[in-house]
Amino acid sequence: MNPGPKSQKPRVRLHVNVDHVATVRNARGTAYPCPAEASEVCMAAGADGITAHLREDRRHIRDEDVRAIRRRIPGLLNLEMAATREMVAFAIAIKPHIVTLVPERREERTTEGGLDVAGGRESLRTAISELTSAGIPVSLFIAPSPAQLHASLAAGAVQVEFHTGEYANLTGDSRACELEIIRAACDEARAAKLHVALGHGITLENIGPLAAIESVEEFNIGHALIADAIFLSLSGAVRAYRAAIEASRAEPQ
Ligand code: PXP
């Protein structure tokens, strides 16, 4: 059978966020399931990296999880964290391959919005400069807005991750509009030589149009992929997201 023309678009990295493996473990106070072991399974199934969010309240991932993931997986570790002194010191000790700085409020259920880089908080600039000086590249989790993008560039980020939560929550024409906003932001970021990631609320149902954006280089996917693993197995879920990305990249524009 002729498999048809191969996609000309560059490959997109799939990073699996394993926070919710820890959520399941912590619900019962057991030692299982282990986020580091889950990370190994994801890598063996075709993930390109692992993302873990160490929150101030340690509600899911704990310090020892990050250390174990760093030790056990051969591939890339993206540590998500707030721009606090405690987290910056931890990251410099652990040396993840990249840090993604995110806003964090204790009362939120998940990361509900992007960083206000344009608002110019001193602590953010300090964190970026300390991490960069320690040889850790910094990605900033921001809304797909030109103001936040320009501020991220000026602040010394090497990558931006655009928040796709709004896109995920919308339907129909409103979602199509948000997709165009994300596309424009991705294209502008790439033109400015920033690396481009997308994350938040991404599912097998909504990933296709995002993966078709040529300038996207990386996805960070957590909750839906771990939920899909209940039905597909963890390896099966990683393969399903990989296949959905490839199918979308192979489609003609
Ligand atoms: N990217 C960032 C920066 C995040 O904070 C999160 C949530 O922790 C994700 C990606 C993953 O989002 P989701 O769990 O909705 O896939």
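In case you missed it, the structure is sitting above this.
Owing to the predicted nature of the structure, the values given are computational and were not obtained by experimental measurement. (Residues numbered from 1 in each chain as written. Predicted model: local features only at pLDDT ≥ 70, side-chain atom pairs only at ≥ 80, totals over all residues. Heavy atoms only, no water.)

Draft legend 1. Seen up close, the pattern of salt bridges. Inspection of the entire model under this criterion finds 13 salt bridges. Residues R13 and E218 are paired through a salt bridge, measuring 2.8 Å at the closest nitrogen-oxygen approach. Taken together, the positions of R13 in strand β1 (residues 13-17) and E218 in strand β8 (residues 218-221) put the pair 205 residues apart, joining distant regions of the chain. Each of R11, D48, R242 and E246 takes part in one network of salt bridges that share partners. (Salt bridge = Lys/Arg side-chain N within 4 Å of Asp/Glu carboxyl O. Helix = DSSP H or I, 4+ residues; strand = E, 2+ residues; numbered from the N terminus.)

Draft legend 2. Structural context of the nonpolar core. Among the nonpolar cores identified, the biggest contains 73 residues, and V16, L101, F162 and F219 are the most heavily contacted of them. Per element, the largest residue contribution to this core is six residues, and it comes from helix α11 (residues 234-250). (Core = buried A, V, L, I, M, F, W, Y, C linked by side-chain atoms within 4.5 Å. Buried < 20%, exposed > 50% of the residue type's maximum accessible area, 1.4 Å probe, protein only.)

Draft legend 3. Representation of the site of the ligand. The local shell around the ligand holds 15 residues, among which E80, E161, G201, G222 and H223 are the closest. Contact distances for the ligand include 2.5 Å between a nitrogen atom and a side-chain N or O atom of E161. Within the backbone of H223, one N or O atom sits 2.9 Å away from an oxygen atom of the ligand. Protein contacts shield 94% of the accessible area of the ligand, which totals 400 Å² for the unbound molecule. (Near = heavy atom within 4 Å. Polar contact = N/O pair within 3.5 Å; in protein donor to acceptor, adjacent residues only side chain to side chain. Areas by Shrake-Rupley, 256 points an atom, 1.4 Å probe, with all protein chains shown as cover.)

Draft legend 4. A look at the pairing of strand β5 (residues 138-142). Taken across its five residues, β5 has five buried, putting it largely inside the fold. The pairing of strand β4 (residues 98-101) with β5 spans three bridges and is classified as parallel. Each bridged residue has a counterpart across the sheet, and for L101 the counterpart in β5 is L140. Where β5 meets strand β6 (residues 159-163), four bridges bridge the pair, whose relative direction is parallel. Bridging from a neighbouring strand, I142 pairs with F162 of β6. (Pairing = 2+ DSSP bridges.)

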